[in-house]
Amino acid sequence: MSMLQVSVYRYNPETDSAPYMQEFQVDTQGRDVMVLNVLAMIKEQDSSMAYRRSCREGVCGSDGMNMNGKNGLACITPLSEVVKGGKLTLRPLPGLPVIRDLVVDMALFYKQYERIQPYLQNDTPEPAIERLQSPEDRDKLDGLYECILCACCSTSCPSFWWNPDKFVGPAGLLQAYRFLADSRDEATSERLAELEDPFSVFRCRGIMNCVAVCPKGLNPTRAIGKIREMLLANAT
Amino acid sequence: MVTNITNFGRSGLSDWLIQRASAVILALYTLFMVGYLLLHPNLDYATWSGLFGSTWMRIFSLLAFVSMAAHAWIGLWTVTTDYLKPTAIRIAVQAVIILAIFVFLVWGVQVLWGA
């Protein structure tokens, strides 16, 4: 028997007046399982436990949560990476309204994503086969298109906590740059005009929490720097 | 696009650039001041007054004061929009900050060119 003590954030707005932490003892049988497996064992003990999950292999981005103080995907985070002193504390992603237990309301996060118009804009009539792009131009999109919108980065960002309605957040800005950098996109100046205010991009203080937590190893801070460079080049 | 009317330059990009340029000027002014005081251990009134009587020092000092004013406005405006959520309190604090910056700036000019 190798018991792991897990402390989980519980909140059911229909029955609880306030959120509370519930303690569970989980038998991992000494195996270095993923945090998501631990949640499945907890659900066997208490079926009212609510959390999101889908692909269980770090592709869908459903199970972003705060594990021992750091955001990440429960499905690809082994216990050996997060557990300290035999204890594991699980909380929902910080800064977003909690719907129930570890399930948060992502509406504001998606609203900011929608704002940057995350689709290719090109009014030139399509060529017969496809819009061609040089290998060099395609390379510019590496490190940008891989984002799975798990919200680990934006919900670890204090600037997003204080102004989630105005600051686009690291996830949205990474995607904003993905389309600014795309040689096939023709809306560059319109996109930049939407971003030059004091909040959308410039509320980023460069503390790089986003880079530290991204489960896909992406670098939103670098993308934000590139957006600033484009804004500066465009306006000076 | 988020609209703002109380930030310094009415644009995040201009605020961002001014914040960096003013930081460089303030750093140079600080280095100069510290260096000057270290090189003049027995500083008397005549030398100190003579330093600020020269035109280049007045230009440098006024540049530093204006940089300080812009830097403080941009920085403190950011703090108020992060932490003060009720509109009435936020506008009141911003007004006090801007008024204080204006007073210090005029006062600084008076000190530089006065007496």
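Residues numbered from 1 in each chain as written. Chains lettered and ligands numbered in written order. Predicted model: local features only at pLDDT ≥ 70, side-chain atom pairs only at ≥ 80, totals over all residues.

- With an unreviewed UniProt entry as reference, chain A is termed Succinate dehydrogenase iron-sulfur subunit, source organism Onishia taeanensis.
- The record in UniProt for chain A states the following under Sequence similarities (unreviewed entry): "Belongs to the succinate dehydrogenase/fumarate reductase iron-sulfur protein family."
- In its Catalytic activity (unreviewed entry) section, the UniProt entry covering chain A states "a quinone + succinate = fumarate + a quinol". (UniProt positions renumbered as here; feature names shortened; annotations may be inferred.)

1. Some words on the overall build of chain A
Next, step 1: In terms of helices and strands, chain A carries nine helices and seven strands.
Next, step 2: Referenced to the eigenvectors of the C-alpha coordinate spread, the extents of chain A come out at roughly 65 × 40 × 30 Å.
Next, step 3: Taken over 236 residues, chain A has a buried fraction of 37%.
Next, step 4: In chain A, the share of contacts with a sequence separation of at least 24, taken over all contacts with a separation of at least 6, comes to 66%. (Helix = DSSP H or I, 4+ residues; strand = E, 2+ residues; numbered from the N terminus. Buried ≥ 20, exposed ≤ 12 C-beta atoms within 10 Å, placed from the backbone. Contact = placed C-beta atoms within 7 Å.)

2. Re the domain arrangement of chain A
Residue and element names in this part refer to chain A.
Next, step 1: Segmentation of chain A into domains returns domain 1 (3–104) and domain 2 (107–235).
Next, step 2: If you average the C-alpha positions of domain 1 and of domain 2, the two centres end up 29 Å apart.
Next, step 3: The interface of domain 1 with domain 2 comprises 14 residues on the first partner and 14 residues on the second.
Next, step 4: A total of four residues in the side of domain 1 that touches domain 2 trace back to one element, the largest contributor, which is strand 4 (residues 70–73). (Domains from an automatic or database assignment.)

3. Observations regarding the interface of chain A and chain B
Next, step 1: Each partner contributes to the interface: chain A provides 15 residues, whereas chain B provides ten residues.
Next, step 2: Among the elements that line the side of chain A that touches chain B, the one with the most residues is helix 9 (residues 220–235) of chain A, at four residues.
Next, step 3: Grouping the constituent residues of the side of chain A that touches chain B by class yields eight nonpolar, two polar and five charged. (Nonpolar A, V, L, I, M, F, W, Y, C, P; charged D, E, K, R; others polar.)

4. Description of the packing of helix 3 (residues 107–115) of chain A against helix 6 (residues 169–180) of chain A
In a packed pair of helices, the relevant descriptors are the angle between the two axes and the axis-to-axis distance.
Residues and elements named next belong to chain A.
Next, step 1: Axis separation between helix 3 and helix 6 bottoms out at 9 Å; the angle between their running directions is 20°. The orientation of helix 3 relative to helix 6 falls into the category roughly parallel. In this structure, helix 3 crosses over helix 6, and the sense of that crossing is right-handed. Judged by residue contacts, Gln112, Tyr113 and Arg115 of helix 3 engage Gly169, Ala171, Gly172 and Gln175 from helix 6.
Next, step 2: Along the lines of polarity and charge, the residues of the contact of helix 3 with helix 6 split into two nonpolar, four polar and one charged. (Axes fitted to C-alpha atoms, helices over the stretch in contact; angles between N-to-C directions. Parallel < 35°, antiparallel > 145°, perpendicular 65-115°, else oblique. Left-handed = near helix turned anticlockwise from the far one by under 90°.)

5. So, the environment of Gly86(A)
Next, step 1: When you line up the elements, Gly86(A) lands in the loop between helix 2 (79–82) and strand 5 (87–91).
Next, step 2: For Gly86(A) and Tyr20(A), which are 66 residues apart along the polypeptide, the C-alpha to C-alpha distance reads 21 Å.

6. Notes on the sheet that holds strand 3 (residues 64–67) of chain A
Residue and element names in this part refer to chain A.
Next, step 1: Read across the sheet, five strands follow the order 2-1-5-3-4 without closing on themselves; strand pairing throughout is mixed. Taken across any chain shown, the strands that pair with only one partner, and hence form the sheet edges, are strand 2 (20–27) and strand 4. In this sheet, adjacent strand axes meet at a mean angle of 30° when their direction is disregarded.
Next, step 2: Two elements, strand 1 (residues 3–10) and strand 2, share eight bridges in a ladder whose sense is antiparallel. (Pairing = 2+ DSSP bridges.)

7. A word on helix 9 of chain A
Every α-helix winds through 3.6 residues per turn, so residues three or four apart in the chain are directed the same way.
Next, step 1: In this model helix 9 of chain A runs 23 Å from its N-terminal to its C-terminal C-alpha over 16 residues, within 8% of the 22 Å that 1.5 Å per residue would give.
Next, step 2: Buried residues of helix 9 of chain A: Pro220(A), Thr221(A), Ala223(A), Ile224(A), Ile227(A), Arg228(A) and Leu231(A), and no others. The buried residues of helix 9 of chain A occupy an angular sector of 160° when the element is viewed end-on, so they sit on one face. Structural note: helix 9 of chain A exposes Glu229(A) and Ala233(A) on the side pointing more than 90 degrees away from its buried face.
Next, step 3: Contact partners of the buried residues in helix 9 of chain A: helix 6, helix 7 (188–193) and helix 8 (209–213) of chain A together with helix 1 (12–39) of chain B. (Expected span 1.5 Å × (residues − 1). Arc of directions from axis to C-beta.)

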